[in-house]
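Structural overview
What follows is the residue order along each chain.
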Amino acid sequence: MSLAEYAARSGLHRVGARPSLGSYLKQTWERRDFIVAMAQSRLRAQLEGNRLGIGWLLLQPVLNAAIYGLIFGVLQKDVGSPLTYAAHVVIGVFLFGFFSSSLIRGAKSITGNQNLVQSLAFPRLTLPLAEVVQQLLALLPSIALLLVILPFLGHWPTLEWLLIIPLLALFALFNAGIAMIAARLTVHVRDLTQLLPFISRILFYTSGVLFDVSRVFVKYPWAVRLFDFHPIYQVLQLGRSLLMGEQLTDQNYWWYFSAWAVLTFAVGLVFFWSAEERYGRD
């Protein structure tokens, strides 16, 4: 009997061996309090160094929306009502910021925690998930501010506003999948962290954050139809339809984005889990 066979017969397992996917998920779920605590502590530490503290969670996206909205509002010939365009941009900037921060911070969740990864045994999945939870917690004050701002822009509360909760849940699921994929890729290709801000910026300018796709591509209906299958655009349009009452170009957006969220999370989970043994070693 070989040493490996004897160890297996005795119930011994190789240190750092990858567990089954079911066991991996169970271990991660058992550490859900750790994920939330890590997200909260890091968000608190991030804010404590600033005089305005939590104020920056509100001020930064508002400033971004104001600057981008002013510049692109001037550059575009027809933006419709100024108040409607302002609401359009604010919702887009707030929601896209959640995706962008989850992508960039999630990508560094393993490489930025090497000491933790190399010294303790735990499912590494908790790290990218903690980053997404942190960004979600950072988004919530902005969403609260957004709900206060919208009536001043001519959009009054309706029961549909409550649907922003399941939308954010689906968006968090989608972003978690993206974060897991980016986290593993960054482990293998460290230079990816330098490229991700550019990728994020390209997506920002091409996802309809700052412009009305149906207006800009009015002469190209095929281009508008392509946007209907763009997951980030779907989120932005769903958010705008709920909060502003805008008409969706495709009534199946909820189904489309739900499929995107579940599929992205599932692919990201398997992709990340399959390299569990390599984290901390590469």
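Okay, so let's go over this structure. Computed from a predicted model, the values in this text were never measured in an experiment. (Residues numbered from 1 in each chain as written. Predicted model: local features only at pLDDT ≥ 70, side-chain atom pairs only at ≥ 80, totals over all residues. Heavy atoms only, no water.)

1. Side note on the overall build of the protein chain
Note the threshold: Helix numbering and strand numbering both begin at the N terminus, where a helix is a DSSP run of H or I of at least 4 residues and a strand a DSSP run of E of at least 2. Buried residues are those whose accessible area, probed at 1.4 Å on protein chains only, stays under 20% of the maximum for their type, while exposed residues exceed 50% and partly exposed ones sit between those limits. In this description, contact between two residues means that some pair of their heavy atoms is separated by no more than 4.5 Å. Residue-level accessible areas treat just the shown protein chains as cover; the underlying method is Shrake-Rupley with a 1.4 Å probe.
A count of helical and extended segments in the protein chain gives 13 helices and zero strands. Start at the N end of the protein chain and walk to the C end: the helices and strands fall as α-α-α-α-α-α-α-α-α-α-α-α-α. A total of 282 residues make up the protein chain; the buried ones form 44% of that total. Taking as baseline every contact in the protein chain between residues at least 6 positions apart, the subset at least 24 positions apart corresponds to 80%. Entry remark: accessible area of the protein chain is about 15100 Å², with carbon and sulfur atoms responsible for 66%.

2. Notes on the pattern of salt bridges
Cut-off, in case you're wondering: Only one rule defines a salt bridge in this text: a Lys or Arg side-chain nitrogen within 4 Å of an Asp or Glu carboxyl oxygen.
As enumerated under the stated definition, the model contains four salt bridges in all. Between R105 and E131 there is a salt bridge; the shortest N-O distance is 3.6 Å. With R105 in helix 5 (residues 82–107) and E131 in helix 7 (residues 126–149), the pair connects residues that are 26 residues apart, well separated along the chain. By relative accessible area, which is 30% here, R105 ends up partly exposed. E131 sits in the buried class, given a relative accessible area of 4%.

3. Some points on the packing of helix 8 (residues 164–188) against helix 13 (residues 253–273)
Worth spelling out the cut-off: The axes used here are C-alpha line fits, helices contributing only the stretch in contact, and every angle between their N-to-C directions lies in the interval 0 to 180 degrees. Put simply, angles under 35 degrees are roughly parallel, angles over 145 are roughly antiparallel, angles from 65 to 115 are roughly perpendicular, and the rest are oblique. Crossing handedness is read from the near helix: turned anticlockwise from the far helix by less than a right angle, it gives a left-handed crossing, and turned clockwise, a right-handed one. In the scheme used here, Gly and all other residues not listed as nonpolar or charged are polar, with Ala, Val, Leu, Ile, Met, Phe, Trp, Tyr, Cys and Pro taken as nonpolar and Asp, Glu, Lys and Arg as charged.
Here helix 8 crosses helix 13 at 30 degrees, and the two axes come no closer than 8 Å. Compared by their axis directions, helix 8 and helix 13 come out roughly parallel. Where helix 8 crosses over helix 13, the two elements pack in a sense that is left-handed. Tallied by class, residues from the contact of helix 8 with helix 13 come to 21 nonpolar, four polar and one charged.

4. Things to note about the packing of aromatic side chains
To keep it simple, the criterion reads: Stacked, edge-to-face and tilted are the three classes for Phe, Tyr and Trp ring pairs, Trp counted by its six-membered ring, which pair at centre distances within 6.5 Å; planes under 30 degrees apart are stacked, over 60 edge-to-face, the rest tilted. In this analysis the charged atom, NZ for Lys or CZ for Arg, is taken to sit over a ring once it is within 6 Å of the ring centre and within 35 degrees of the ring normal.
In the structure shown here, the tally under the stated rule is 14 aromatic pairs. Ring centres of Y233 and Y253 lie 6.4 Å apart, and the angle between their planes is 75 degrees; this geometry places the pair in the edge-to-face category. A residue pair is termed long-range when its members are at least 10 positions apart, and Y233 in helix 12 (residues 231–244) and Y253 in helix 13 qualify at 20 residues. Three or more aromatic residues joined by ring pairs make a cluster, and in this case those are F96, F98, F99, F171, F174, F204, Y205 and F257. It is R184 that lies over the ring of F271; its NZ or CZ is 4.3 Å from the centre.

5. Comments concerning the environment of L238
By secondary structure assignment, the location of L238 is in helix 12. A relative accessible area of 0% places L238 in the buried class. In the structure, L238 is positioned 19 residues away from F257 in sequence and 9.3 Å away in space, judged by C-alpha atoms. Aside from chain neighbours lying at most four places away, what touches L238 is L167, L248, Y253, W254 and F257.

6. Quick notes on the side chain of S100
Definition in use: Here a polar contact is recorded for every N or O atom pair within 3.5 Å, except that within protein the pair must consist of a potential hydrogen donor and a potential acceptor, and residues adjacent in sequence are included only if both atoms are side-chain atoms.
With respect to the element layout, S100 can be found in helix 5. You can call S100 buried: its relative accessible area is 14%. In this structure the side chain of S100 is engaged in a polar contact, spanning 2.6 Å, whose partner is the side chain of S200.

7. Examining a nonpolar patch on the surface
Put simply, the rule is: A patch consists of residues exposed above 30% relative accessible area that lack any salt bridge, with like charges linked at up to 9 Å and nonpolar side chains (Val, Leu, Ile, Met, Phe, Trp, Tyr) linked at up to 5 Å.
On the surface, L195, F198 and I199 cluster together into a nonpolar patch covering about 290 Å² of accessible area. Within the secondary structure layout, L195 lies in helix 9 (residues 192–206). You can call L195 partly exposed: its relative accessible area is 48%.

8. Topic: the packing of helix 3 (residues 32–48) against helix 7
At a closest axis distance of 8 Å, the pairing of helix 3 and helix 7 adopts a crossing angle of 55 degrees. One way to sum up the angle between helix 3 and helix 7 is to call them oblique. Between helix 3 and helix 7 lies a crossing whose hand is right-handed. Where helix 3 approaches helix 7, its residues F34, I35, M38, A39, Q40, R42, L43 and Q46 are matched on the opposing element by T126, L127, L129, A130, E131, V133, Q134, L137 and A138. In the contact of helix 3 with helix 7, the residues fall into eleven nonpolar, four polar and two charged.

Limitation: the analysis is restricted to geometry and does not speak to function.
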